[in-house]
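# Residue-level structure breakdown
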Amino acid sequence: MKKEDILVIYGNEPKEMARKICENASLETLIGDKNKKIGLKPNLVLPHKAENGATTHSEVAEGIIEYLQSKGYFDISIIEGSCVGSDTEQAFRVCGYTKLAETYHVKNIDTRKDTWTVHNCKGVEIKICNSALSVDYMINLPVLKGHCQTKITCALKNNKGVIPDSEKRRFHTMGLHKPIAHLNTVVRNDFIIVDGICGDLNFEEGGTPVQMNRLIGAMDPVLCDAYVCGLIGYEVSDVQYIKIAEEMGIGSADMTKANVMETDQNKKHIDNIKPTNRIQALVKDIKSKDACSACYGSLIYALERMKEKGISVKYTPICIGQEYRGKSGEVGIGNCTRGFQKSLGGCPPKAIDIMEFLSK
Ligand code: SF4
């Protein structure tokens, strides 16, 4: 795997999908020496189950651990500190990581109880927890979700879990974007697997999960976050920290150079999360017939972003789903509606493209 590669795998079986991404990326070759200390950094912002849209499915970590142990890597730690006011130990327990640690004999490390040292992160001094700096290879496991302040949170922002509480508070006084970018000049981002199974519509603490049914593998955290922007309906320029991180040489946000490789594993899963009232209101003008979650989720994100911007949908109803294959109609989303008068291609299309299509 190369730095410009992005591996996307669809489905709703996170353990198998995570393992598959490790195999497709030849993670063993990327890591090398079997004695390396490996860290997994999930997002356990608070003790809520992953179905709620805020935290990383423990099955993602499980698939990676099984892969690593089958290749002879046994020094593995799960490293995370929940947000200020939350209890990381409780988050480990509620989110399935305590059981995971017992089953696979790996360590759970709470960075909120860790020691830290100050590091010069390209001109900004930041306290960083020593456990995160002691690993030889870090696998970042963010959730693909919206964020009320920074619009998205993914690979770059997930590393905020490896700084002490005092530093988390200071980051907010600094406006988040700049310190997040600077932090990533020192913390490791060797490999990334984004949990895009059901991240939240627009809030980092969950509550409105959107079924997107995918995992994303990447090596470049800047490219990873740039790619994710389009998936949930943002331009890269909407998320300041991505640009700042690129300017500091952490990676590239140039999507024209990205090599996106999609694997259609089980893509045809139909939504299995009960939509919240908020989502039901968003999709009232949608005619969905056997729509894949990957497609339907993109449309939900697009409609939410349009609502935020005050852009109204000019044509309704909007049709989406496999039942529209070979049929005619007026406005449709996805390759399945290619027989319609106006149809946006893609299987699934990105939210940013749906927004543009529906705004015309
Ligand atoms: S275009 Fe059709 S097959 Fe492709 S993701 Fe959408 S609903 Fe599924």
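Quick notes on the rules
- Residues numbered from 1 in each chain as written.
- Predicted model: local features only at pLDDT ≥ 70, side-chain atom pairs only at ≥ 80, totals over all residues.
- Heavy atoms only, no water.
- Domains from an automatic or database assignment.
- Contact = heavy atoms within 4.5 Å.
- Salt bridge = Lys/Arg side-chain N within 4 Å of Asp/Glu carboxyl O.
- Polar contact = N/O pair within 3.5 Å; in protein donor to acceptor, adjacent residues only side chain to side chain.
- Pairing = 2+ DSSP bridges.
- Helix = DSSP H or I, 4+ residues; strand = E, 2+ residues; numbered from the N terminus.
- Axes fitted to C-alpha atoms, helices over the stretch in contact; angles between N-to-C directions.
- 1 Å grid on protein atoms, 1.4 Å probe; cavity = no way out; pocket = protein on both sides within 12 Å on 5 of 7 lines; lining within 4 Å.
- Points joined across faces, edges and corners; volume = space filled by probe spheres on them.

### Quick look at the domain arrangement of the protein chain
It is common to give the size of an interface as the accessible area that goes away when the parts come together. Its domain assignment divides the protein chain into domain 1 (5–263) and domain 2 (277–359). Relative to domain 2, the C-alpha centre of domain 1 lies at a distance of 29 Å. Across the boundary between the two partners, domain 1 contributes 23 residues, which contact 18 residues of domain 2. Where domain 1 touches domain 2, the interface holds 0 salt bridges. The tally of links between domain 1 and domain 2 comes to 10 residue pairs in polar contact (both at pLDDT 80 or more).

### Some points on the sheet that holds strand β2 (residues 38–42)
Strands in a sheet are paired, the pairing made by backbone hydrogen bonds, and the direction either parallel or antiparallel. Strands sit in the order β4-β3-β2-β7-β10-β11-β1-β12 across an open sheet of 8 strands; the sheet is mixed. Looking at which strands have only one partner, the edges of the open sheet turn out to be β4 (107–110) and β12 (259–263). Between one strand and the next, the sheet's axes are offset by a mean angle of 20°, whatever the strand orientation. Across the sheet, helix α10 (residues 221–231) lies against β1 (5–10), β10 (191–196), β11 (214–218) and β12, angled at about 150° from β11, the strand it touches most.

### Points about empty space enclosed by the protein
All chains considered together, the criterion is met by 1 cavity of 30 Å³ or more. Roughly 40 Å³ of volume is contained in the largest cavity. Lining the largest cavity, in full, are Ala-132, Leu-133, Met-138, Asn-159, Val-162, Val-187 and Arg-188.

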